[in-house]
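Structure assessment
The residues making up each chain are set out below.
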Amino acid sequence: MKKHSGMRPQDILILLKIDADRQRLMHKCSLDSMVDIMMPLLQKNIALDLGISPSEVTESLARSVFAGLYDPTRKRVMASALLDFLQYGLKYVFPQQPGSLVRGTPTAHSAKPLCELVQSNEPYVWPNADGTVRGQAIDPLYPTVVKAVENDPFLYEMLALIDAIRVGKSREVKLAVEELTKRIRVNE
């Protein structure tokens, strides 16, 4: 195994994608045992969906295994460890400050589910020429995020919640952690 040289932003994206796919299957089947049977980890599909090379997905999963965030035997995200990292480490490892006004895709408190809980006149967006909202720019965790969430509402919500942790005030961070905990079910 290669030396672990720290987590990278795409590691979080890949872990969230794996969990988003699990959520989608659970939503369809509603039986966790069925998910274990039906969910083979196809790294090439993850790579294609996220716009990341298959070799980078492999390397990312190796880093996540080393960090205790992914179980390769069960092909599952280690939910409680990931939630701890997101809650307590994310904003320090991958900090972000709102930037200039741009057109983009809503994120953080400007996207679901937080937009229904937090009122704000300062929208945050991922820069995107096809975006529908003008707001302060937030660089996404990884450059392919905007494209990756177009057809994946589960992943979109989780990444927006991640941004709320990265840039939000205490109340927004608390709400984001609560919402992420609902989505990343602790099922270890």
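For the structure, see preceding data.
Reading the values: the criteria
- Residues numbered from 1 in each chain as written.
- Predicted model: local features only at pLDDT ≥ 70, side-chain atom pairs only at ≥ 80, totals over all residues.
- Heavy atoms only, no water.
- Helix = DSSP H or I, 4+ residues; strand = E, 2+ residues; numbered from the N terminus.
- Buried < 20%, exposed > 50% of the residue type's maximum accessible area, 1.4 Å probe, protein only.
- Contact = heavy atoms within 4.5 Å.
- Areas by Shrake-Rupley, 256 points an atom, 1.4 Å probe, with all protein chains shown as cover.
- Salt bridge = Lys/Arg side-chain N within 4 Å of Asp/Glu carboxyl O.
- Polar contact = N/O pair within 3.5 Å; in protein donor to acceptor, adjacent residues only side chain to side chain.
- Phe/Tyr/Trp six-rings, centres within 6.5 Å; stacked < 30°, edge-to-face > 60°.
- Arc of directions from axis to C-beta.
- Pairing = 2+ DSSP bridges.

**So, the overall build of the protein chain**
Of the regular secondary structure elements, the protein chain holds nine helices and five strands. The helix and strand sequence of the protein chain, counted from the amino end, reads α-α-α-α-β-β-α-α-β-β-β-α-α-α. Within the span of the protein chain, comprising 188 residues, buried residues form 49% of the whole. Sequence separation of 24 or more characterises 67% of the internal contacts of the protein chain that already satisfy a separation of 6 or more. Working note: accessible area of the protein chain is about 9,700 Å², and carbon and sulfur atoms make up 54% of it.

**Considering the pattern of salt bridges**
Counted by the stated rule, this structure contains 13 salt bridges. We note a salt bridge from Arg 22 to Asp 19, for which the minimum N-O separation is 2.9 Å. Note that Arg 22 and Asp 19 are positioned in helix 1 (residues 9-29) at a spacing of three residues, about one turn of the helix. With a relative accessible area of 5%, Arg 22 lands in the buried category. Across the pair Asp 163 and Arg 166 runs a salt bridge, and its minimum N-O distance is 2.7 Å. With a gap of three residues between them, Asp 163 and Arg 166 both fall in helix 8 (residues 153-167), about one helical turn apart. You'll find Asp 163 and Arg 166 in the same group, each marked buried.

**Here we look at the side chain of Ser 60**
With respect to the secondary-structure elements, Ser 60 resides in helix 4 (residues 54-67). A relative accessible area of 1% places Ser 60 in the buried class. Setting aside residues no more than four positions away along its own chain, Ser 60 makes contact with Gln 10, Asp 11 and Ile 14.

**Observations concerning the side chain of Arg 166**
We classify Arg 166 as buried; its relative accessible area is 8%. A polar contact of 2.9 Å, which involves the side chain of Arg 166, links it to the backbone oxygen of Phe 94.

**Observations concerning the packing of aromatic side chains**
The description of two aromatic rings rests on the distance between their centres and on the angle between their planes. A full pass over the atoms with the stated rule returns one aromatic pair. With centroids separated by 5.7 Å and ring planes inclined at 50 degrees, the aromatic side chains of Trp 126 and Tyr 156 adopt a geometry described as tilted. Within this pair, whereas Trp 126 is found in strand 4 (residues 124-127), its partner Tyr 156 is found in helix 8, the two being separated by 30 residues in sequence. Trp 126 sits in the buried class, given a relative accessible area of 1%.

**Quick notes on helix 5 (residues 79-88)**
Along helix 5, the residues that are buried comprise Ala 79, Leu 82, Leu 83, Phe 85 and Leu 86. Along the long axis of helix 5, the arc covered by the buried residues comes to 160 degrees, so they all point the same way.

**Remarks on the pairing of strand 3 (residues 101-107)**
Where strand 3 meets strand 5 (residues 133-137), four bridges bridge the pair, whose relative direction is antiparallel. The residue of strand 5 that forms the bridge with Gly 104 is Val 133. Where strand 3 and strand 4 come together, four bridges link them in antiparallel fashion. Looking across to strand 4, one finds that Gly 104 is bridged to Pro 127.

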